[in-house]
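Overview (structure and organization)
Next come the chains, spelled out residue by residue.
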2 protein chains.
Amino acid sequence: MKSTTEIEELGLTKQRKVVLSVIMDSKEHLTANEVFELSKGLLPKISFATVYNSLRYLKEEGLISEVNFGSGASKYDRMTDRHDHAICSSCGKLVDIRLDLPEELIRQAAKHSKFRPESLELTLRGTCPECK
Amino acid sequence: MKSTTEIEELGLTKQRKVVLSVIMDSKEHLTANEVFELSKGLLPKISFATVYNSLRYLKEEGLISEVNFGSGASKYDRMTDRHDHAICSSCGKLVDIRLDLPEELIRQAAKHSKFRPESLELTLRGTCPECK
DNA sequence: CGTTGAATTTAGAATAATTCTAATTCTAAG
DNA sequence: CTTAGAATTAGAATTATTCTAAATTCAACG
């Protein structure tokens, strides 16, 4: 996770700042289209392509992350600390959760896959409180 | 995971059988389009819509699963036992891995999310052997 | 300051991914 | 054999994302 100073050093353009702030200020995970709609509120002339470009850029810089659980459009999430997700198999609701993954797990995963590990994330599939 | 007998009891149509077999026989995770192309080899008149319908049906029956790591089309994976994924952040390569998740973890995840838990899956992001 | 050039943004077109529609075919039950 | 519901088909429609080419921004340079 980047510090405020590091973010400032990136010299974000006006558009990228707006896209980032929209995501940072949202409680929900937003689709690209929702980011676009909200960004227009702050910067009416912003284009769809710029939103996508900005999302890609911000993702590469590690300021946001993209999640997709196989039903429709990708969603964008602010990048705080490492965290996990829970997704409701009935209504699709997506929430962030924070678990303490045992160190052992990442070693095990790296060993089994033979990948050089970067990060580990867990997804719980279940039923949210609203869906009973 | 369903037994052979249970699968037979579903009375799958010709098309659904073909789609299922394509996925079962593939070492790789396939996109809907790849499933379509391969299915055509076995059943030349099969349509794209049927492939999508079949994928949805088979997923609902728990015979296959859909994964999407936020870059392009969803991929379909045969449903064997519970398993996890590793994805290469450089080339996008996706492999199945099998980890022993501590029982404790699912309880923790359920508690944090307040969801009634169904399944838990872990994703390792890293660099695959080919990408160094 | 003017010029230059790289990076970014813009509007809209193009492509890719997925779902829908309406007509037809299949299948199992009466 | 009928009939009704489910599944399939071809192709259109919709949604999601990326591309293109022209315009803009902005910093570095003379």
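Bear in mind that the values here come from a model prediction, so they are computed numbers and not experimental data.

**Concerning the domain arrangement of chain A**
All names here are of chain A. Each assigned domain of chain A is listed with its residue range as follows: domain 1 (4-78) and domain 2 (84-131). Distance between the C-alpha centres of domain 1 and domain 2: 23 Å. With five residues of domain 1 at the contact, the number on the domain 2 side is seven residues. Both sides together, the interface formed by domain 1 and domain 2 hides about 560 Å², and carbon and sulfur atoms give 62% of it. Here domain 1 and domain 2 share zero salt bridges between them. Put simply, domain 1 and domain 2 have two residue pairs in polar contact (both at pLDDT 80 or more) between them. Of the residues belonging to the side of domain 1 that touches domain 2, the class tally is two nonpolar, one polar and two charged.

**Details of the environment of Ala73 of chain B**
Residue and element names in this part refer to chain B. If you trace the backbone, Ala73 turns up in the loop between strand S2 (64-67) and strand S3 (75-78). A residue is classified by how much of its surface remains accessible, and Ala73, at 51% relative accessible area, is exposed. Setting aside chain neighbours within four positions, we find Ala73 in contact with Thr31 and Asn68.

**Observations regarding helix H4 (residues 48-60) of chain B**
Residues and elements named next belong to chain B. In this model H4 runs 18 Å from its N-terminal to its C-terminal C-alpha over 13 residues, within 8% of the 18 Å that 1.5 Å per residue would give. On its buried face, H4 sits against helix H2 (14-25), helix H3 (32-42), S2 and S3. At the C-terminal side of H4, Gly62 shows a positive phi close to 75°.

**Details of the protein's contact with DNA strand C**
In the vicinity of DNA strand C lie 13 residues, with Thr13, Gln15, Arg16 and Thr50 of chain A together with Tyr52 of chain B positioned nearest. Each atom of DNA strand C within 4 Å of the protein was assigned to sugar, phosphate or base; sugar and phosphate come to 79%. Between DNA strand C and the protein, one listed contact pairs a phosphate oxygen with a backbone N or O atom of Ser47 of chain A at 3.3 Å. Here Ser74 of chain B contributes a backbone N or O atom positioned 3.4 Å from a phosphate oxygen of DNA strand C. For the surface near DNA strand C, the secondary-structure elements that each account for two or more residues are helix H2 (14-25) and helix H4 (48-60) of chain A together with H4 of chain B. For the surface near DNA strand C, the element with the most residues is H4 of chain B, which contributes three residues. Residues that form the surface near DNA strand C fall into these classes: six nonpolar, five polar and two charged.

**Here's the deal with the interface of chain A and chain B**
Contact residues are listed per partner, giving 41 residues for chain A and 41 residues for chain B. Together, the buried faces of chain A and chain B total about 3200 Å²; carbon and sulfur atoms form 58% of this surface. In terms of surface lost to chain B, no three residues of chain A exceed Phe115, Arg116 and Leu124 of chain A, which account for 20% of the buried area on that side. In this structure, the connection of chain A to chain B is made through zero salt bridges. Taken together, the elements giving at least two residues each to the side of chain A that touches chain B come down to strand S4 (84-88), strand S5 (94-97), helix H5 (103-113) and strand S6 (116-127) of chain A. At twelve residues, the largest contribution of residues to the side of chain A that touches chain B is made by S6 of chain A. When S6 of chain A meets strand S6 (residues 116-127) of chain B, the two strands line up antiparallel, connected through eleven bridges. Bridge assignment links Thr123 of chain A to a residue of S6 of chain B, and that residue is Glu121 of chain B.

Each value, and the rule that gives it
- Residues numbered from 1 in each chain as written.
- Chains lettered and ligands numbered in written order.
- Predicted model: local features only at pLDDT ≥ 70, side-chain atom pairs only at ≥ 80, totals over all residues.
- Heavy atoms only, no water.
- Domains from an automatic or database assignment.
- Contact = heavy atoms within 4.5 Å.
- Buried area = accessible area lost by both parts, 1.4 Å probe.
- Salt bridge = Lys/Arg side-chain N within 4 Å of Asp/Glu carboxyl O.
- Polar contact = N/O pair within 3.5 Å; in protein donor to acceptor, adjacent residues only side chain to side chain.
- Nonpolar A, V, L, I, M, F, W, Y, C, P; charged D, E, K, R; others polar.
- Helix = DSSP H or I, 4+ residues; strand = E, 2+ residues; numbered from the N terminus.
- Buried < 20%, exposed > 50% of the residue type's maximum accessible area, 1.4 Å probe, protein only.
- Expected span 1.5 Å × (residues − 1).
- Near = heavy atom within 4 Å.
- Pairing = 2+ DSSP bridges.

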